[in-house]
Amino acid sequence: MIVCKEKSKRRYFILSMFPDSGKYFIISVLLVFQGFLLAENGVDYRVVTKRNPPLSVHIVSISLPLKDLRFAVSAGKKLKGKNTVPEMVNEIKLKDWVPIAAINGDYFEYKTEPIFFGTLQGLCVIDGELVSGPAGCHFFCSDVSGNICFKKAYADFQITWPDGTNRPFGLNCSTVDYKSEVKAAAVVLFTPRFGDSTGTKDVIELVLKNKGSKTWLPLKLNRVYIAEITDITACGNTAIPPDGLIISISKKAESEMPKVKKGDILQISTGIKGEVSDIFTAIGGDPLLLEAGKILPQPPGAGIVKMEERAPRTAIGFNSTNFFMVVVDGRQFFSAGMSHYELAVFMKELGCTDALNLDGGGSSVLWYNGKVMNSPSDSPLRAVGNTLILLKSGMTQ
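Residues numbered from 1 in each chain as written. Predicted model: local features only at pLDDT ≥ 70, side-chain atom pairs only at ≥ 80, totals over all residues. Heavy atoms only, no water.

A.B. asks: Residues and numbers for the side chain of Asn 83, please.
C.D. replies: Along the chain, Asn 83 falls in the loop between strand 7 (69–74) and helix 1 (85–90). Judged by relative accessible area, Asn 83 falls into the buried class, the value being 14%. When near neighbours in sequence (up to four residues on either side) are disregarded, Asn 83 contacts Ala 75, Gly 76, Lys 77, Met 88, Ala 383 and Val 384. (Helix = DSSP H or I, 4+ residues; strand = E, 2+ residues; numbered from the N terminus. Buried < 20%, exposed > 50% of the residue type's maximum accessible area, 1.4 Å probe, protein only. Contact = heavy atoms within 4.5 Å.)

Dropping the structure here:
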């Protein structure tokens, strides 16, 4: 790394070569960011810029294995509804843990169905609580020991009715009566994490309480729960009890449902198809950019990326020694953004062996030490579905 200081403009310039690439990029960070590199105890923030095409890339690098650090996910006050990345960071209230970096997360219901704004496309696990189920997309996850990986899995969520028949269900998502941007199910289970009520209209809903399960709420992956029906409503928008669950049956599925009554006992299974266990934190994304060093997105035709294929991007990646949180500014004169293929190449040149794309466009935000560091293309700041947050221990707020 070559460092030179231009005193007249009070700016540092760094020529930094990515591993094995032979390519140099200019890094320029104003002194208001406390120098060319903000670094503390195995975590650093830097900006990479390029002229042709114009690019501005914000990078948080974290040393592995994690020491006095951990990842967390926030979906804001409730899953239903949306909050900005800074607002979600402010919702983290964990004793002896303080947020130091965050990026936006999974794709989410953004425009189509206001009733389900904020609901997520993929798996979301918050401190062990199952918030949203997987839908065959990739996700980042970590266990209680801080071990990290990317996985792909499908939900095998099942309700066993009193007559012994089984029915798959979705979790905290739209029912098929609505046109969701992300996912929908004929039968949906709502937990208190979703919101105060289901928001549905004119559908049958079952109110459930615990009936002998050793563990109840919060809901967790790969568990079986025994529940009793305490009430049946037919008008929708049922209030979700803080210690209960709601099963919402879409109009399209009503004729297929067995007859039930108050007092009936149901079994709820939150199984998952895939090699997944002991997940403490998880956040969804797609597409997978790198796997064991292999670039997965297809290169552009004739080797030329069209400008309309470039957009703001958010990605995470890792190798044996570092984890990276990356946001690429886009749709602005100083930064065009990247295609998925360009992002995959960039993550590999950064040193990643594995990398995952997250939601991008106007959602792309990188927050570091109390500030949004990048230049989001949306103004005001877009509210998003969830966020991945890096926490540090041993600090007080």
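Back to the write-up after that little detour.
A.B. asks: Tell me what's going on with the sheet that holds strand 7, and back it up with residues and numbers.
C.D. replies: Overall, antiparallel pairing links the 5 strands, which are arranged 7-30-8-28-29 in an open sheet. Each edge of the open sheet is held by one strand with a lone partner, namely strand 7 and strand 29 (371–372). Here strand 7 runs beside strand 30 (residues 387–393); their pairing, made up of 6 bridges, is antiparallel. Bridging across to strand 30, Arg 70 finds its partner in Leu 391. (Pairing = 2+ DSSP bridges.)

A.B. asks: Break down the pattern of salt bridges for me, citing the residues and quoting the values.
C.D. replies: As enumerated under the stated definition, the model contains 9 salt bridges in all. For Arg 46, the salt bridge goes to Asp 44, with nearest N and O atoms at 2.9 Å. Residues Asp 231 and Lys 262 are paired through a salt bridge, measuring 3.6 Å at the closest nitrogen-oxygen approach. Taken together, the residues span a long stretch of sequence, with Asp 231 in strand 19 (residues 224–233) and Lys 262 in the loop between strand 20 (245–249) and strand 21 (265–273) at a distance of 31 residues. The class of Asp 231 is partly exposed, set by a relative accessible area of 29%. (Salt bridge = Lys/Arg side-chain N within 4 Å of Asp/Glu carboxyl O.)

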